[in-house]
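Below are the chains, spelled out letter by letter.
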Amino acid sequence: MGRTLVELFYDVVSPYSWLGFEVLCRYQHIWNIDLRFRPAFLGGIMQATVELFLKGNKPPAMLPKRAEYMLKDLERMGKYYQVPVTISASDFQRILGKSSLGAMRFITAIDMTQPKYLETLSREFWMRFWSQHEDISQMESIVAVAGQAGLSSEFTQKLLDMISSPEVKNRLKETTEEAIKYGAFGMPAVVAHFNGKPHLFFGSDRLELLANVIGEKWLGPVPSVPSSKM
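The shown structure was predicted, so the numbers you read here are calculated from the model rather than taken from an experiment.

A. Inspection of the sheet that holds strand β3 (residues 189-194) at higher detail. Taken in spatial order, the 4 strands of this open sheet run β2-β1-β3-β4, and their pairing is mixed. Edge positions in the sheet fall to β2 (33-39) and β4 (197-202), since each has one partner strand and no second. Between one strand and the next, the sheet's axes are offset by a mean angle of 20 degrees, whatever the strand orientation. Across the face of the sheet, helix α11 (residues 207-214) comes into contact with β1 (4-10), β2, β3 and β4 while running at roughly 5 degrees to β3.

See the structure below:
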């Protein structure tokens, strides 16, 4: 049986994307899958689904009751998934007032040039924004994240020069549009290509269902790696 392609569409402004990202990173060494990271722009998805937005498809932080629940939910999920995501009520204005567009273009640039750094760089953006509660929208913040990910100053500058290029802008736009074509209306959006067709799963809490669909075993969010595959 061939390996299943699993695509993760994500934006670092989404804390639930971080949860799904870390769990899939763990399972890529256990399940018979090829995991492909697909950096996209959540703002573009929300704008494209404007009709749903008007009917209630809004970010949780924009709906008072959902925001209140999100505070409790992320605390529980972070502990259960063993991911250091934290949030407080004061974070909502910070989240709504910042754009992740520059960060996602920077991540897209790394995907286009040195994809081996994609996992580490993405994780460092989440760490800075959702664990350290620091900015990721300004250029100096992006430079700081790149340094934490182990990128040289010369390579970082090359990537910064790229983020305003049509190539990077178009790649991010195309990836976002691809997620929408699969049916994404938020993030994380996980697409498993199984039995000749794509299967969309929304949210970090649908990975157990993903396992069931692709014929793999769910071992919880922090699985032990079998010795034979280490």
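Having seen the structure, we can now continue with the description.
B. Examining α11 more closely. Within α11, the full set of buried residues consists of Leu 207, Leu 210, Ala 211 and Ile 214. Projected onto a plane normal to the axis of α11, the buried residues spread over an arc of 100 degrees and lie on a single side. Buried positions along α11 lie against β1, α1 (15-27), β2, β3 and β4. One or two positions beyond α11, positive phi appears at Gly 215, with a value near 75 degrees.

C. The layout of surface pockets, seen in detail. The space that makes up the second largest pocket amounts to roughly 170 Å³. Phe 41, Gly 44, Ala 48, Leu 101, Arg 105, Lys 169, Leu 172, Lys 173, Thr 176, Glu 177 and Ile 180 are the residues that line the second largest pocket. Put simply, the parts of the chain that give the lining of the second largest pocket at least two residues each are α2 (42-48), α6 (101-113) and α10 (166-182). Ranked by the residues each element gives to the lining of the second largest pocket, the list is headed by α10, at 6 residues. Residues of the lining of the second largest pocket, tallied by class, amount to 5 nonpolar, 2 polar and 4 charged.

D. Here's a closer look at the nonpolar core. Counting 69 residues, the largest nonpolar core has Tyr 10, Val 12, Trp 31, Phe 106, Leu 121, Phe 125 and Leu 210 as the members making the most contacts within it. Among the elements that line this core, the one with the most residues is α1, at 8 residues. Those residues in contact with Leu 210 that lie beyond four places of it in its chain are Val 6, Leu 24, Trp 31, Val 190, Ala 192 and Phe 201.

E. Region of interest: the pattern of salt bridges. If you walk through the whole model with that rule in mind, you get 10 salt bridges. One salt bridge connects Asp 111 with Arg 171, and the closest N-O pair in it is separated by 3.7 Å. Linking Asp 111 in helix α6 with Arg 171 in helix α10, this pair joins segments that are 60 residues apart in sequence. Residue classification places Arg 171 among the partly exposed positions, given a relative accessible area of 32%. For Arg 123, the salt bridge is made with Glu 119, and the minimal N-O distance between the two is 3.0 Å. Pair noted here: Arg 123 and Glu 119 are both in helix α7 (residues 118-131), with a separation of 4 residues, about one helical turn.

F. Geometry of helix α9 (residues 153-162). Considered for burial, the residues of α9 that qualify are Phe 155, Thr 156, Leu 159, Leu 160 and Met 162. Seen end-on, α9 carries its buried residues on one side only, within an arc spanning 155 degrees. For α9, exposure combined with an orientation more than 90 degrees from the buried face picks out Ser 153 and Glu 154. In this fold, the buried residues of α9 make contact with α6, α8 (139-148) and α10.

G. Up close: the environment of Phe 202. Mapped onto the elements, Phe 202 comes out in strand β4. Residue classification places Phe 202 among the partly exposed positions, given a relative accessible area of 33%. The residues touching Phe 202, leaving out its near neighbours within four places in the chain, are Phe 185, Gly 186, Met 187 and Pro 188.

H. Region of the structure containing the packing of aromatic side chains. Scanning the model with the defined rule gives 14 aromatic pairs in all. Measuring from centroid to centroid gives 6.5 Å for Trp 18 and Trp 126, while their planes differ by 0 degrees, and the two rings are stacked. With Trp 18 in helix α1 and Trp 126 in helix α7, this pair connects stretches of sequence that are 108 residues apart. Relative to Phe 125, the ring of Phe 106 has its centre 6.4 Å away and its plane inclined at 70 degrees; by these criteria the two rings are edge-to-face. Highlighted residues: Phe 106 in helix α6 and Phe 125 in helix α7, separated in sequence by 19 residues. Of the aromatic side chains, those joined through ring pairs into one cluster are Tyr 10, Trp 18, Phe 21, Phe 37 and Trp 126.

Parameters and conventions
Residues numbered from 1 in each chain as written. Predicted model: local features only at pLDDT ≥ 70, side-chain atom pairs only at ≥ 80, totals over all residues. Heavy atoms only, no water. Pairing = 2+ DSSP bridges. Helix = DSSP H or I, 4+ residues; strand = E, 2+ residues; numbered from the N terminus. Axes fitted to C-alpha atoms, helices over the stretch in contact; angles between N-to-C directions. Contact = heavy atoms within 4.5 Å. Buried < 20%, exposed > 50% of the residue type's maximum accessible area, 1.4 Å probe, protein only. Arc of directions from axis to C-beta. 1 Å grid on protein atoms, 1.4 Å probe; cavity = no way out; pocket = protein on both sides within 12 Å on 5 of 7 lines; lining within 4 Å. Points joined across faces, edges and corners; volume = space filled by probe spheres on them. Nonpolar A, V, L, I, M, F, W, Y, C, P; charged D, E, K, R; others polar. Core = buried A, V, L, I, M, F, W, Y, C linked by side-chain atoms within 4.5 Å. Salt bridge = Lys/Arg side-chain N within 4 Å of Asp/Glu carboxyl O. Phe/Tyr/Trp six-rings, centres within 6.5 Å; stacked < 30°, edge-to-face > 60°.

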